[in-house]
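Chain by chain, the residues run as shown.
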Amino acid sequence: MNTIEQNVHSIEDQLGKSLREAQRDRVGLRVVVVTKYVSIEQAKEVVSLGYKDLGENRPEGLIAKQEALQDDSIVWHYIGSLQTRKVKKVINRIDYLHSLDRMSLAEEIEKRAEKPVSCFVQVNVAGEDSKSGFSPDEVMDFIRSLAQFERITVIGLMTMAPKNADTQTIRKTFSELKQLRDEVQLLGLSYAPCTELSMGMSQDYPIAIEEGSNFVRIGSAFFKNTTVDED
Ligand SMILES: *Cc1c(COP(=O)(O)O)cnc(C)c1O
């Protein structure tokens, strides 16, 4: 059995190693704790340990956590595929959207958001059928076509590495996303500064950090082998 605190120690150890390897500072790295599988109590504990960025992938889960935690210092990240009809429910409750993956979603955000939303454009770098997101060669055109959207700011790109891939494949996926990020950034679009990279999950965050990620999305590594309090 582990405690969340023990898991935090191993994660921070690993983060320290990967950051040193990449000659980067901890302050430049945002750790989004993905709480989608865990209880409100577990989410509270991770917040009490100093993590203020929380990630959810379903509207119901997001709203339940927000209402239970009632904490204005928490920064909320929506990380999963977002159905068009659910946009209205969540878009004004979140600080970051990591999954802008289609034009119809952008259009609905434009209609429903009360102020500009910080978005990551999701890219399916490895071209997997099971994953949503733009293929790398669609990204530029998509971002250019957002010029008239007043409620969308493209702050960066997001990807997921293929599951159970070898280190080399994972590294290649991440480095391709970074290269694409650099290309978008060079366009100098005011609505798409595209300075950020959202990549790296429990299985592969060390590689993502070495490849330049500054938003890692980590869930199971925080909560593995801990019990859920149910009484
Ligand atoms: C669930 C999820 C994560 C976290 O995954 P872990 O393997 O538990 O770290 C990160 N990003 C997205 C998009 C997810 O859906």
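Each remark here, short or long, concerns the structure printed above.
Just so you know, these numbers come straight off a predicted model, no measurement behind them. (Residues numbered from 1 in each chain as written. Predicted model: local features only at pLDDT ≥ 70, side-chain atom pairs only at ≥ 80, totals over all residues. Heavy atoms only, no water.)

Chemist: How would you sum up the overall build of the chain? Please name residues and give values.
Modeler: When helices and strands are tallied, the chain shows 9 helices and 8 strands. Against the 2.2 N^0.38 benchmark of 17 Å for 231 residues, the chain shows a C-alpha radius of gyration of 17 Å, consistent with a compact globule. Going through the 231 residues of the chain one by one, you find that 49% of them count as buried. In the chain, 57% of the contacts between residues at least 6 apart in sequence involve partners at least 24 apart. Of the roughly 11,500 Å² of accessible surface on the chain, a fraction of 44% belongs to carbon and sulfur atoms. (Helix = DSSP H or I, 4+ residues; strand = E, 2+ residues; numbered from the N terminus. Rg over C-alpha atoms; globule rule 2.2 N^0.38 Å. Buried < 20%, exposed > 50% of the residue type's maximum accessible area, 1.4 Å probe, protein only. Contact = heavy atoms within 4.5 Å. Areas by Shrake-Rupley, 256 points an atom, 1.4 Å probe, with all protein chains shown as cover.)

Chemist: Can you lay out the site of the ligand for me, pointing to particular residues and giving the numbers?
Modeler: In the region of the ligand, the neighbouring residues are Val 34, Lys 36, Ile 79, Met 158, Met 160, Met 201, Ser 202, Arg 217, Ile 218, Gly 219 and Ser 220. The contact in question runs from an oxygen atom of the ligand to an N or O atom on the side chain of Ser 202, over 2.5 Å. Between an oxygen atom of the ligand and a main-chain N or O atom of Gly 219, the distance comes to 2.8 Å. In terms of residue class, the shell around the ligand is made up of 6 nonpolar, 3 polar and 2 charged. (Near = heavy atom within 4 Å. Polar contact = N/O pair within 3.5 Å; in protein donor to acceptor, adjacent residues only side chain to side chain. Nonpolar A, V, L, I, M, F, W, Y, C, P; charged D, E, K, R; others polar.)

Chemist: How would you explain the packing of helix H6 (residues 136-144) against helix H7 (residues 167-186) if you had to name every residue and give the values?
Modeler: Direction vectors running N to C along H6 and H7 enclose 25°, while the axes themselves pass 11 Å from each other. Viewed along their axes, H6 and H7 adopt a mutual orientation that is roughly parallel. Here H6 and H7 pass one another in a crossing that is right-handed. Of the residues in H7, those touching H6 at Pro 136, Val 139, Met 140 and Ile 143 are Leu 180, Glu 183 and Val 184. Of the residues assigned to the contact of H6 with H7, the class counts are 6 nonpolar, no polar and 1 charged. (Axes fitted to C-alpha atoms, helices over the stretch in contact; angles between N-to-C directions. Parallel < 35°, antiparallel > 145°, perpendicular 65-115°, else oblique. Left-handed = near helix turned anticlockwise from the far one by under 90°.)

Chemist: Summarise the pattern of salt bridges; cite the residues concerned and give the values.
Modeler: Inspection of the entire model under this criterion finds 17 salt bridges. Arg 144 serves as the salt-bridge partner of Asp 141, at 3.8 Å between the closest nitrogen and oxygen. Placement of both Asp 141 and Arg 144 in helix H6 is noted, with a separation of 3 residues, approximately one turn of the helix. For Asp 141, a relative accessible area of 53% translates into the label exposed. Taking the relative accessible area as the measure of exposure, Arg 144 reaches 44% and is therefore partly exposed. (Salt bridge = Lys/Arg side-chain N within 4 Å of Asp/Glu carboxyl O.)

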